[in-house]
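Residue-level listing of the chains:
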Amino acid sequence: MACGLVASNLNLKPGECLRVRGEVAPDAKSIVLNLGKDSNNLCLHFNPRFDVHGDANIIVCNSKDNGAWGTEQREQTFPFQRGSVMEVCITFDQEDLTISLPDGYTFKFPNRLNLEAISYMAADGDFKIKCVAFE
C-alpha cells in the first residue's frame, strides 16, 4: 500500500506522456512509481533501487495482475543520484510502456495488462514529487 502520493481517475491515453519530476532524498534507498488501473492491477511498477533488497543502482520493473506480481525486468542503466532532481517520462501503447530517463536512455516494458488507459498512479519511497504533467 502506497503511503506517498496517490492519484486516481487519471485517464492517461496511449501516446500521452506522464512526466514526473521530484527530489530524490540525500539518503535514498529506493523510489517507487506505480501506474495502472488500481493498486492490485499495475501495468508498471517502476522501482529505481539505490541500495535496498540486496540491489544497488539498478532499476527494477514489474507488473501486478489481480494482486499477483509478474516477472521482474532489470535495467542496468541508472542515471539517478541521491540528493538531486529526478525526471522521468512514461508513455504507453497497447504493447509497451516506454520509460525515458534523465540521461536520454529509453527502455520498454511490456503492457502485460493490455490497458487502454492508465487511471491510477502512486508514488512512494525516498522521493518528493514536485511536478506531475500530462503531455
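Residues numbered from 1 in each chain as written. Predicted model: local features only at pLDDT ≥ 70, side-chain atom pairs only at ≥ 80, totals over all residues. Heavy atoms only, no water.

Going by an unreviewed UniProt entry, the chain carries the name Galectin and comes from Galeopterus variegatus.

1. A few points about the pairing of strand 2 (residues 18-24)
Rules: Note on pairing: two strands pair once DSSP finds at least 2 bridges between them. Secondary structure counts use DSSP, requiring at least four H or I residues in a row for a helix and at least two E residues in a row for a strand, with both numbered from the N terminus.
In the sheet, strand 2 pairs with strand 8 (residues 85-92) via six bridges, with the strands oriented antiparallel. Across the sheet, the residue bridging to Arg19 is Cys89, located in strand 8. Here strand 2 pairs with strand 12 (residues 127-134) via seven bridges, running antiparallel. Counterpart to Leu18 in the pairing with strand 12 is Phe134.

2. Digging into the nonpolar core
The test is simple: Think of a nonpolar core as a cluster: buried Ala, Val, Leu, Ile, Met, Phe, Trp, Tyr and Cys residues, connected wherever their side-chain atoms sit within 4.5 Å. Working definition: with a 1.4 Å probe on protein chains only, accessible area under 20% of the residue-type maximum means buried, over 50% means exposed, and in between means partly exposed. Should any heavy atoms of two residues lie within 4.5 Å, those residues are considered in contact.
If you look at the biggest cluster of nonpolar residues, it comprises 31 residues, and the most contacted ones within it are Leu44, Phe46, Phe80, Val88, Leu97 and Ile99. Of all elements in the fold, only strand 2, strand 3 (31-38), strand 4 (41-52), strand 5 (55-65), strand 8, strand 9 (96-100), strand 10 (106-110) and strand 11 (120-125) reach the threshold of two or more residues within this core. Those residues within four positions of Phe80 in sequence are excluded, and the remaining contacts are Phe46, Pro48, Phe50, Ile59, Met86, Val88, Leu101 and Pro102.

3. Quick notes on the UniProt feature "domain: Galectin" (unreviewed entry) in the chain
The cut-off we apply is this: UniProt positions are given in the numbering used here, feature names are shortened, and annotations may be inferred rather than shown by experiment.
Per the UniProt record, "domain: Galectin" (unreviewed entry) is found at residues 4-135. Helix and strand shares over residues 4-135 are 0% and 58% respectively, and the end C-alpha atoms of the span are 23 Å apart.

4. Digging into the pairing of strand 8
The pairing of strand 8 with strand 9 spans four bridges and is classified as antiparallel. Note on strand 9: the bridge partner recorded for Thr91 is Thr98.

5. Thoughts on the environment of Pro48
By the element assignment, Pro48 lies in strand 4. Along the primary structure Pro48 and Ala28 are separated by 20 residues, whereas in three dimensions their C-alpha atoms are 10 Å apart. Contacts of Pro48, omitting those with residues within four sequence positions, involve Ser30, Ile31, Ile58, Ile59, Phe78 and Phe80.

6. Brief notes about unusual backbone geometry
Within the chain, Asn57 stands out as a residue other than glycine whose phi angle is a positive 50 degrees. With respect to the helices and strands, the residue Asn57 is situated in strand 5. Under the relative-accessibility criterion, Asn57 is labelled partly exposed at 43%. At Asn66, a position not held by glycine, the phi torsion is positive, near 50 degrees. Exposure remark for Asn66: the relative accessible area of 66% places this residue in the exposed category.

7. Comments concerning the sheet that holds strand 2
For the record, the criterion: For helices, the fitted axis covers only the stretch in contact; all axes are lines through C-alpha atoms, and the angles between them, taken along N-to-C directions, range from 0 to 180 degrees.
Spatially, 10-9-8-2-12 is the arrangement adopted by the five strands of the open sheet, whose pairing is antiparallel. The open sheet has two edge strands with one neighbour each: strand 10 and strand 12. When the angles between neighbouring strand axes are averaged without regard to direction, this sheet yields 20 degrees.

8. Let's talk about the pattern of salt bridges
For the record, the criterion: Salt bridge criterion: a side-chain nitrogen from Lys or Arg within 4 Å of a carboxyl oxygen from Asp or Glu.
Counted according to the given criterion, the structure contains seven salt bridges. Measuring nitrogen to oxygen at the nearest pair gives 3.0 Å for the salt bridge that ties Arg19 to Glu135. Taken together, the positions of Arg19 in strand 2 and Glu135 in the segment after strand 12 put the pair 116 residues apart, joining distant regions of the chain. Residue class for Glu135 comes out partly exposed when judged on its relative accessible area of 49%. A salt bridge links Asp55 to Arg74; the nearest nitrogen and oxygen atoms lie 2.9 Å apart. Residue Asp55 is found in strand 5, and its partner Arg74 is found in strand 7 (residues 73-75); the two are separated by 19 residues along the sequence. Relative accessible area serves as the criterion here: at 12%, Asp55 is assigned to the buried category. Taking the relative accessible area as the measure of exposure, Arg74 reaches 37% and is therefore partly exposed. Because the salt bridges share partners, they merge into one network encompassing Arg19, Arg21, Glu87 and Glu135.

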